[in-house]
Amino acid sequence: MADINRNYLKLPGSYLFSNIGKKVNAFAQANPEAKIIRLGIGDVTRPLTPKVIEALHKATDEMAKQETFRGYAPDLGYEFLRKAVATNDFQARGCDIAEDEIFISDGAKCDCGNIQEIFATDNIIAVCDPVYPVYVDSNVMAGRTGEYDSVTERFDKVVYMPCTKENDFVPQIPKEKVDLIYLCFPNNPTGAVITKDRLQEWVDYANKNGSIILYDAAYEAFISEENVPHSIYECEGARNCAIEFRSFSKTAGFTGLRLGYTVIPKDLEAGGEKLHPLWARRHGTKYNGAPYIVQRAGEAIYTPEGRAEVKEQIAYYMENAKIILSGLSDAGYEVYGGVNAPYIWLKAPNDMTSWEFFDLLLTKANVVGTPGSGFGPSGEHYFRLTAFGDREATKEAIERIRQL
Ligand code: MLT
């Protein structure tokens, strides 16, 4: 008799952002006059840049001609994009990463969710708390997390590393032995960053203990301060202990196009085996490559004009971040992030829970954000706003919150 993967039954009812979407849609239906401003999910609002659009048109035309038509893309990505990525994102910053260590995909979310498949199910995972839900949920599905305890709101086999204002939202190295460590910097949801020295301590720990760091650098393009590493491979020894994920979604507004990549150094090993061929095997079996036209669009952001356009787009969002940060802090809110990341992490006023504040903002200001507790128990009493909104809507949202 067929049965299901029972680990799925341990998951929360729905994915955090689907849950929020449902609540907001129900409110919108009941209150059709409400002008809702959505600063919840980190989805971009600016159109694709001219250079990206030009590349999309050109590649689309190529697909219309016999001589230039392309079928399946190479599973690991076209050479032109892997080379552009390795050269610009790594070698230009002094990181020793070669083009054949880049695996092109349709986004960092899928890669972060799928990577756990190449590791043993009894590996112990360590995650930040609060955390991007994909890391935990994908391990729940794989049966790696043990049982959920509704009192502590935690899975019993997962090591949670609290990120609080007391530690500047940067986790302490765990005392217990962990095998797979998920780190995300600049951080989603707190907007915090890690210094190169602190990241080096993690790399040293992982090399000493035979752990693998799964480093999500999807928000790297938003770093504005010095001494903040853009890649974990800026740290000595990271080639021997780290996998890195990057995304074009936030960097270049590709949330609707879908493009990302994962870096796996060829010498990286776990359990005495190299990880690069395992991920290549998984990619080859379960994935047929990101579309040619999208990979050409991705390549366009590495041209001088493309780079300038993307920089301008990021500056637009970071100006929104400034507006949110200063508006809320002037109004007496405790606010974090928003300087090297497009997320602002704020403390809910009057000791409200995250969901109480969510309801208050939705019903009284018609502004949508993300409750911090949705990212983990240490996110309780916090709230996340994104800087990815439209400028006028962002200003209006902050004004409404100030009026509350
Ligand atoms: C977020 O809002 O945390 C992100 O947009 C979700 C994602 O990138 O999948």
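### Some points on the overall build of the protein
- Scanning the protein from terminus to terminus reveals twelve helices and 17 strands.
- Compactness check: the protein gives a C-alpha radius of gyration of 21 Å against a globular reference of 22 Å for 404 residues, within 12% of the reference.
- Counting only C-alpha atoms, the protein reaches 60 × 55 × 50 Å along its principal axes.
- Taking as baseline every contact in the protein between residues at least 6 positions apart, the subset at least 24 positions apart corresponds to 72%.
- When the accessible area of the protein is evaluated, it comes to approximately 17,700 Å², of which 50% is carbon and sulfur surface.
- For the protein, the centre of its 44 positive side-chain charges and the centre of its 56 negative side-chain charges are spaced 3 Å apart.

### Quick notes on the packing of aromatic side chains
- According to the stated counting rule, one finds 27 aromatic pairs in the structure shown.
- Pairing phenylalanine 90 with tyrosine 233 gives two aromatic rings, centres 6.2 Å apart and planes at 65 degrees, and the pair type is edge-to-face. Placement of the pair is phenylalanine 90 in helix H3 (residues 79–90) and tyrosine 233 in the loop between strand E8 (212–216) and strand E9 (242–247), with a sequence separation of 143 residues. Like tyrosine 233, phenylalanine 90 is buried.
- Ring geometry for tryptophan 345 and tyrosine 382: centres 5.4 Å apart, planes at 0 degrees, overall stacked. On the criterion of sequence distance, the pair formed by tryptophan 345 in strand E14 (residues 343–347) and tyrosine 382 in strand E17 (residues 382–386) is long-range, its members being 37 residues apart.
- Judged by relative accessible area, which is 8%, tyrosine 382 ranks as buried.
- Among the aromatic residues, ring-to-ring pairing joins Phe17, Phe169, Tyr336, Trp345, Phe375 and Tyr382 into one connected group.
- The ring of tyrosine 316 carries the charged tip of arginine 46 above its face, separated from the ring centre by 4.0 Å.
- Here arginine 296 stacks its cationic end above the ring of phenylalanine 80, 3.7 Å away from the centre of that ring.

### Some words on the environment of leucine 48
- When you line up the elements, leucine 48 lands in the loop between strand E1 (37–38) and helix H2 (50–63).
- Separated by 265 residues in the primary sequence, leucine 48 and glutamine 313 place their C-alpha atoms 9.1 Å from one another.
- Apart from residues lying up to four places away in sequence, leucine 48 is in contact with Ile53, Leu56, Ala252, Gly253, Phe254 and Leu257.

### Thoughts on the sheet that holds strand E16 (residues 370–371)
- Pairing within the open sheet is antiparallel, and its four strands lie in the order E13-E14-E17-E16. A single partner strand is all that each edge strand has here, and the edge strands are strand E13 (335–337) and E16.
- Looking at chain direction, E14 and E17 are connected through five bridges and run antiparallel. Bridge pairing links leucine 346 to phenylalanine 383 in E17.
- The strands touched by helix H10 (residues 304–330) within the sheet are E13, E14 and E17, with E13 carrying the most contacts at an inclination of about 155 degrees.

### Some remarks on the sheet that holds strand E6 (residues 159–162)
- Pairing is mixed across the open sheet formed by seven strands, whose spatial order is E2-E10-E9-E8-E7-E3-E6. If you trace the sheet from one side to the other, it starts and ends with strand E2 (102–105) and E6, each paired once. Pairs of neighbouring strands in the sheet enclose a mean axial angle of 20 degrees, with direction left out of account.

### With respect to the domain arrangement of the protein
- One can read the domain layout of the protein as domain 1 (12–47 + 305–402) and domain 2 (53–304).
- When each unit is reduced to the centre of its C-alpha atoms, the spacing between domain 1 and domain 2 is 25 Å.
- The interface of domain 1 with domain 2 comprises 34 residues on the first partner and 39 residues on the second.
- Buried area between domain 1 and domain 2, summed over both chains or domains, comes out near 2,900 Å², and the portion from carbon and sulfur atoms is 58%.

Cut-offs applied
Residues numbered from 1 in each chain as written. Predicted model: local features only at pLDDT ≥ 70, side-chain atom pairs only at ≥ 80, totals over all residues. Heavy atoms only, no water. Helix = DSSP H or I, 4+ residues; strand = E, 2+ residues; numbered from the N terminus. Rg over C-alpha atoms; globule rule 2.2 N^0.38 Å. Contact = heavy atoms within 4.5 Å. Areas by Shrake-Rupley, 256 points an atom, 1.4 Å probe, with all protein chains shown as cover. Lys, Arg positive; Asp, Glu negative; His and termini not counted. Charge placed at Lys NZ, Arg CZ, Asp CG, Glu CD. Phe/Tyr/Trp six-rings, centres within 6.5 Å; stacked < 30°, edge-to-face > 60°. Buried < 20%, exposed > 50% of the residue type's maximum accessible area, 1.4 Å probe, protein only. Lys NZ or Arg CZ within 6 Å of the ring centre and 35° of its normal. Pairing = 2+ DSSP bridges. Axes fitted to C-alpha atoms, helices over the stretch in contact; angles between N-to-C directions. Domains from an automatic or database assignment. Buried area = accessible area lost by both parts, 1.4 Å probe.

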